[in-house]
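An overview of the molecular structure
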Amino acid sequence: MSLSTRAIAGIAGVVVVGAASLGTGIYLANDAGKPEEAKAMLVVGTSTVSAAPSPTCYNDGKPLGEDVLSKCLKEIQQARKDKKLTKLDVRSSDRIGVGVPEDLAEKGWFALTNGGSEGQAALAGGPAEAVLTGVTYSGSKSAAGLLSTNDVTSVTVVAQDKKTQEYYAVWAFDLNNKTS
């Protein structure tokens, strides 16, 4: 009894699908039990970076106390001064967007730059009454109105519960302003 070409192709297809399923199962089993990192994402044009908040700026999904939040902001200032923040180059012709993890997006979040006409521009959401909920990505906005007049524009992303006003995470990025 000989196998036809059609039968061989069918068996090969089953083997490929089975192997793919097994591989996915192994990947999922290997990833099970690991806590998901609370990374925020910054997108400029076609470039993307992500960063986890420092341990001071995130408490495994629990609210940050006022003292911890104050320490977090000082830590960010020092990291910015030491040029240790995650960064991307940006031009005024670029578009900028920000993303946050789904669990924190459900609570609420907003993102600001130190640019704009008033020295602070909303990249996503804004003051407490404009906190975004359920949205994981800000959408892309024109960089022209978001950049500071300095060489570097600061981006701060904050997870804040819209109802309780409690803070859950703070991320910081820097944008290197380029003129050409």
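Heads up: the structure comes first, above all this text.
Residues numbered from 1 in each chain as written. Predicted model: local features only at pLDDT ≥ 70, side-chain atom pairs only at ≥ 80, totals over all residues. Heavy atoms only, no water.

**Things to note about the overall build of the protein**
Put simply, the test is: Every helix listed is a DSSP run of H or I at least four residues long, and every strand listed is a run of E at least two residues long, numbered separately from the N terminus. Whether a residue is buried, partly exposed or exposed follows from its accessible area with a 1.4 Å probe, protein chains only, as a fraction of its type maximum: under 20%, in between, or over 50%, in that order.
A count of helices and strands for the protein gives 3 helices and 9 strands. Element order for the protein, N to C, with α for helix and β for strand: α-β-β-α-β-β-α-β-β-β-β-β. When burial is assessed residue by residue, the protein has 34% of its 180 residues classed as buried.

**Some details on the sheet that holds strand S7 (residues 141-142)**
Put simply, the rule is: Two strands form a pair only when DSSP identifies at least two bridges running between them.
Taken in spatial order, the 4 strands line up as S2-S1-S4-S7 in an open sheet, and their pairing is antiparallel. One side of each edge strand has no neighbouring strand; the edge strands of this open sheet are strand S2 (47-51) and S7. Sheet topology places strand S1 (residues 40-44) next to S2; 5 bridges connect them, and they run antiparallel. Following the sheet pairing, Ala40 is matched in S2 by Ala51.

**Topic: the environment of Leu73**
Looking at the secondary structure, you find Leu73 in helix H2 (residues 66-81). Remark: the alpha-carbon pair of Leu73 and Val170, spanning 97 residues in sequence, is separated by 8.3 Å.

**A short note on the sheet that holds strand S5 (residues 109-113)**
Put simply, the rule reads: Interaxial angles span 0 to 180 degrees and are taken between N-to-C directions of axes, which are lines fitted to C-alpha atoms, for helices over the stretch in contact.
Across the sheet, 5 strands lie side by side as S3-S9-S8-S5-S6; this open sheet has mixed pairing. Strand pairing shows two members of the sheet lacking a second neighbour, strand S3 (86-90) and strand S6 (121-124), which therefore form its edges. This sheet shows a mean twist of 30° between the axes of neighbouring strands, independent of strand direction. With 5 bridges joining them, S5 and strand S8 (residues 152-160) adopt antiparallel strand pairing. Opposite Ala111, over in S8, you have Val157 as the bridge partner.

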